[in-house]
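Working through the structure, step by step
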Amino acid sequence: MSEPILTVEGVSKRFGATQASKEVSLELHAGEVLALAGDNGAGKSTLIKMIAGAHVPDDGEIRYDGQRIGMLGPQGVRDLGIETIYQDLALADNLDVGINIFLGRERMHRRFGIPFLDRRTMRDEARGALEHLGIRLNDLSVPVRFLSGGQRQAIAISRAVYWKARVLIMDEPTAALGVPEQREVKALIRRLRGEGVAIILISHNLADIFELCDRIVVLERGRKVGERRIDDTDEDEVVAMMMGRVVDR
Amino acid sequence: MSLIDSRALPPHLRVLRTLTSAWSWIFLFLIVVFFEAWSWQTYGRTFIANLYNLQSILLTATQILMMALGLTLVIISAGIDLSIGFTAGLAAVTMAVVMRATPELAPPLSFALGVGAGVGIALVPGLINGWLIGRLKVPSFIGTLGMFGVTRGMAFLVAGGATVAVRNETARDFGNGRIADILPIPVLVAATITLLFHYLLAHTRFGLYVYAMGGNLQSAVRAGVNTTRLTFTIYLLSAFTASMAGIFYTSRFSAGAADAGEPILLNAVAAVFIGGASLTGGSGTIGGTVIGALIIAIIQFGLVFIGMPPFWQFITVGLVIIVAVLIDQSRDRLARLTTSAA
C-alpha cells in the first residue's frame, strides 16, 4: 500500500485524572474513508482535536506527509490541508455563502487605491466550488441560517475542499439531517473520496459506517481496541469492540 | 428540501421582503410627510425645506449618531455598551477643564489640547470595557453597566460636581460654525466619521469579523480571528465616538456637563435598533443607524415644532422602538418562509 498521508503514533492525552487518549495509533491513506467509532467518552473527540491541532498530545506524534504536526495549532494544521468539520459547522449564520467559504482568507480588491472586500468574486467562486460538488443554490446572498441542515453541511464541506483539504475530519456529518439529505451528504463524501481526499468520519450510525467507510477504528475509554477492514467485520463485532468485549492485542 | 435548490422566490413575497427591509426609509418618509402636512395646515409654510429646521434636525441627529456609531459595532458583535452616556460626559468635562486650565494659550492650541484630553481620557473606559469583556469574558451588559457607574462618578469628580463653562472662540466656532453659512461644522465632521465607520464595517476584514463574531463566535475563531483583540478594538471605537459626542457638546454650548450624554444614550440605542440591528448580534448597518438617528431627531424636533409637550418625545420614540423590533422579527420570519418552506 502507498505511504499514509496521516500517521498517528502512540498518542496519549490526559486531562487531570482522566486519561482521554492512551497510546492510540492509526494510519490514513489518500482516497480512503476511515470510521472512528466508540461509545460516548471513548476518546474520539480528543483524538480528532489532537489531529486538528486544538489539543497538543502529551506523548506520541502525529505526522502529515512525513512532517510532525502535533505542535502547529489549529491554524497551522489547517494551512497544511487538514480540515475539521465539527458538528456546529462553525458557520457565521448571519453571513452569506460566499463570505462563509472565504472567512479568514478574504479576497480584496482596490478602488481608488483603497482596499475593499471583493464580495462579488467571493460569491462567484463560492458558486463554482459548490457546483463542483453538485450543489446548486439559487440565491447565494441569503444568510446561511436560512439554509437547510444539509445545505449548511455542504457549505462547510465545500469550504474545506475549496481550500484544498487533503484530509477531512467530519464529526457526525449526518446526525442532524433528514433522510434525503443524509443520502446527499453521503454521496458527497463518496465523491470526495473518489477525488483522493482522505476522510476520517466520526459516527454513531453503524449503517452509515458500513455503507461509506473502508476501515474502522474502534476506541474504548481512550484506547484503540480494534481496527478492521470494513469487509472483514460486521456490526456485532464492532458493537462488541465498542463495549470493550473484544480487544486486539 | 435538497442540496439542489431550484425554487425561485414568489414575486409577492419578494415585494414584501423588499418592503420590510426598507421599512425604516418608508417610516422616515412618512414622518416627514406628517410634519410637512401639519406645518402647511397650521402655519401655511414648509417644515422640511426650511434651512433652520434642517440644521436643527441634523445637529440633533449628529449628537445621537456620534454615540450610536460605535454602539452599532458593539451591538453587531452581540454586545452592548451602556457606559457611553457618561463616557461622552467625561470627555465633555475633561475637555472643558483642560481648556479652562490653559487660558494663556492661543485658543486653537487650547482647543486642540482639550480635544486630545477628552478623546484620550475616553479611551480609558474603552480599554477597561475591552479588557472586561474580551479578556475576562464578563457579559457586556454587566461589564458596561459597571463602567456606566464608574465613568459617571469620574465625570462628576472631574467637573467638580458642576457644569464647567469655557470661553474659547475656536471651540465656539467648531460647535456653532457653518460652512458657507449652510452646513454646520459638527454635521460635516460627523458625516466624515460616519463614512469612515461605514467603510470599516462594510468593506474591510475588520467589519466582516465584527459580523462573524456576532453571528457565531466559533466561526470567527475558526477563521483565525483574534476575538479578544477584536473586542478591544470594538469597545475602543465605541468610546471614541462617544467622546466625539462630548466634544461636540462642549464646543456647541461652551460648557462641559458630566451628564451631557446621559439623555442621548437611550436614543442612541434606539437608533441602532431602528436601523435594523438585533440584540442577538450579527446584524445592523451604519446606514441603518443613520436613518434611525434621523428618525429620532425628526420626531424630537417635529414634536416641539408642532407645539406638543416634550414628554411626548419619550412616548413616540418608545413606540417606534417597539415597532422596529416587531418588524425585525417579522422580517426574519419572512426570510425563513421565502427561503426554506416554499
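Treat the numbers as computed from the prediction; the structure is a model and nothing was measured.

1. Regarding the overall build of chain B
Looking only at helices and strands, chain B has 14 helices and four strands in total. In summary, chain B has a C-alpha radius of gyration of 21 Å against a globular reference of 20 Å for 342 residues, a match within 12%. In terms of overall dimensions, chain B has C-alpha extents of about 75 × 60 × 35 Å along its principal axes. Among the 342 residues that make up chain B, the fraction classed as buried is 47%.

2. Thoughts on the overall build of chain A
Within chain A, the secondary structure is distributed over eight helices and 12 strands. Relative to a compact globule of 249 residues, whose C-alpha radius of gyration would be 18 Å, chain A shows 19 Å and is just as compact. In terms of its C-alpha atoms, chain A occupies a principal-axis envelope of roughly 65 × 40 × 35 Å. For chain A, the residues scored as buried account for 45% of the 249 residues in total. Sequence-distant contacts in chain A: of pairs separated by 6 or more residues, those separated by 24 or more amount to 64%.

3. As for the environment of A:Gly53
Residue and element names in this part refer to chain A. Tracing the chain through its elements places Gly53 in the loop between helix H1 (44-51) and strand S4 (59-64). Gly53 gets classed as buried once you count the C-beta atoms within 10 Å, which come to 22. For the pair Gly53 and Val77, spaced 24 residues apart in the sequence, the C-alpha separation amounts to 6.0 Å.

4. Observations concerning helix H8 (residues 185-203) of chain B
Residues and elements named next belong to chain B. The end-to-end C-alpha separation of H8 is 27 Å, in line with the 27 Å expected for 19 residues at 1.5 Å each. Burial in H8 covers these residues: Pro186, Val187, Ala190, Thr194, Phe197 and Leu201. Looking straight down H8, one finds its buried side chains confined to an arc of 90°; they lie on one side. Facing away from the buried side of H8 by more than 90 degrees, the exposed set consists of Thr192, Leu195 and Leu196.

5. Notes on the sheet that holds strand S1 (residues 6-15) of chain A
Residue and element names in this part refer to chain A. Strand order across the open sheet formed by four strands is S2-S1-S4-S5, with antiparallel pairing between neighbours. In this open sheet, the two edge strands, each paired with only one partner strand, are strand S2 (18-28) and strand S5 (67-68). Relative to S2, S1 runs antiparallel, the two sharing seven bridges. The residue of S2 that forms the bridge with Thr7 is Glu27. Strands S1, S2 and S4 of the sheet are contacted by H1, whose axis makes an angle of about 60° with S2.

Criteria and thresholds
Residues numbered from 1 in each chain as written. Chains lettered and ligands numbered in written order. Predicted model: local features only at pLDDT ≥ 70, side-chain atom pairs only at ≥ 80, totals over all residues. Helix = DSSP H or I, 4+ residues; strand = E, 2+ residues; numbered from the N terminus. Rg over C-alpha atoms; globule rule 2.2 N^0.38 Å. Buried ≥ 20, exposed ≤ 12 C-beta atoms within 10 Å, placed from the backbone. Contact = placed C-beta atoms within 7 Å. Expected span 1.5 Å × (residues − 1). Arc of directions from axis to C-beta. Pairing = 2+ DSSP bridges. Axes fitted to C-alpha atoms, helices over the stretch in contact; angles between N-to-C directions.

So, to be careful, I would describe these as geometric facts and stop short of saying anything about function.
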